[in-house]
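Fold and geometry: a report
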Amino acid sequence: MPLFFSKLGPLIPRLRRLSTAAATAAGEDPKLSRIADELLELSPAELDDYAALLRLKLRLSLTSGPQSGASPGAAGDAASGSAAAEEAAAVKMAFDVKIEKYEAAAKIKIIKEVRAVTDLGLKEAKELVEKAPVVVRSGLPKEEAEALAAKLKAAGAAVVLE
């Protein structure tokens, strides 16, 4: 099920009640009420498309939650064309963890680590490790990628973050 709808799907009936109540309440902004009503009329697929578009406009990562990435205020500054926008664009948000090579004696330890960080079975993890150089996980935040790289290095693999 799509990410946006799976998290907000159960709340839609309640949001509809709140939206109509807000429209009738005195002092509420009719523009915001209209926007909320239009969002509630979208299909689940349209909601996911809207969520992805909003994340792109706010310069947030498409895979991470709202706690990571730029704040909406920082996104507004970046959209103004300042020098900070160029620096923010140059900062890499997602990393791939790639096993370049490994020691033959450490192969079993590396397979165990790969199984722990992926949902692969023993055979699939073994085949993946034997295909080195190979990307084990992709699209990870920097902290997670560095932690995974440290685990694989401790197991005996030569790891590169891309």
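Residues numbered from 1 in each chain as written. Predicted model: local features only at pLDDT ≥ 70, side-chain atom pairs only at ≥ 80, totals over all residues. Heavy atoms only, no water.

Topic: the confidence of the model for the chain
Across the chain, pLDDT averages 73, with 64% of residues at or above 70. Least confident of the elements in the chain is helix H5 (residues 72–79), whose mean pLDDT is 46; most confident is helix H8 (residues 122–130), at 89. For the stretch residues 66–82, pLDDT sits under 50, and the model shows 13 contacts to residues farther than four places along the chain or on other chains. (pLDDT = per-residue confidence, 0-100. Helix = DSSP H or I, 4+ residues; strand = E, 2+ residues; numbered from the N terminus. Contact = heavy atoms within 4.5 Å.)

Points about the environment of valine 97
In this fold, valine 97 is placed in strand S1 (residues 95–102). The spacing of valine 97 and alanine 145 is 48 residues in sequence and 6.2 Å in space, taken between C-alpha atoms. For valine 97, the residues in contact, after removing those within four places along its chain, are Val134, Val135, Val136, Arg137, Leu140, Ala145, Leu148, Leu152, Val159, Val160 and Leu161.

Some remarks on the packing of helix H7 (residues 107–117) against H8
Where H7 contacts H8, the axes come no closer than 9 Å and their chain directions differ by 120°. When you trace H7 past H8, the crossing you get is right-handed. Across the interface between the two elements, Lys107, Ile110, Ile111, Val114 and Arg115 of H7 pack against Leu122, Ala125, Lys126, Leu128, Val129 and Glu130 of H8. For the contact of H7 with H8, the class distribution of residues is seven nonpolar, no polar and four charged. (Axes fitted to C-alpha atoms, helices over the stretch in contact; angles between N-to-C directions. Left-handed = near helix turned anticlockwise from the far one by under 90°. Nonpolar A, V, L, I, M, F, W, Y, C, P; charged D, E, K, R; others polar.)

Some details on the pattern of salt bridges
Going through the model one piece at a time under the given rule, you end up with five salt bridges. Where glutamate 100 meets lysine 98, a salt bridge forms, and the shortest distance between an N and an O atom there is 3.8 Å. Overall, the relative accessible area of 30% leaves glutamate 100 in the partly exposed class. Residues joined in a network through salt bridges with shared partners are Lys98, Glu100 and Glu162. (Salt bridge = Lys/Arg side-chain N within 4 Å of Asp/Glu carboxyl O. Buried < 20%, exposed > 50% of the residue type's maximum accessible area, 1.4 Å probe, protein only.)

Some thoughts on the packing of H7 against helix H9 (residues 142–155)
Packing of H7 against H9 brings their axes to within 8 Å, and their N-to-C directions diverge by 160°. Taken together, the axes of H7 and H9 lie roughly antiparallel to each other. In this structure, the crossing between H7 and H9 has a hand that is right-handed. Contacts between H7 and H9 involve Lys109, Ile110, Glu113, Val114 and Val117 from the first element and Leu148, Lys151, Leu152 and Ala155 from the second. Residue composition of the contact of H7 with H9, by class: six nonpolar, no polar and three charged. (Parallel < 35°, antiparallel > 145°, perpendicular 65-115°, else oblique.)

Focus on H7
The set of residues buried in H7 consists of Ile110, Ile111, Val114 and Val117. The buried residues of H7 occupy an angular sector of 135° when projected down its axis, which confines them to one face. Facing away from the buried surface of H7 by more than 90 degrees, the exposed residues are Ile108, Lys109, Lys112 and Ala116. Where the residues of H7 are buried, they touch S1, H8, strand S2 (134–140), H9 and strand S3 (157–161). (Arc of directions from axis to C-beta.)

Let's talk about the nonpolar core
Within the largest apolar cluster, 21 residues are counted, with the highest numbers of intra-cluster contacts made by Val97, Ile99, Ile110, Val114 and Leu152. Only S1, H7, H8, S2, H9 and S3 provide two or more residues apiece to this core. Considering each element in turn, this core owes the most residues, five residues, to H9. Non-local contacts of isoleucine 110, meaning those with residues more than four positions away in its chain, are made with Ile99, Tyr102, Val129, Leu152, Ala155, Gly156 and Ala157. (Core = buried A, V, L, I, M, F, W, Y, C linked by side-chain atoms within 4.5 Å.)

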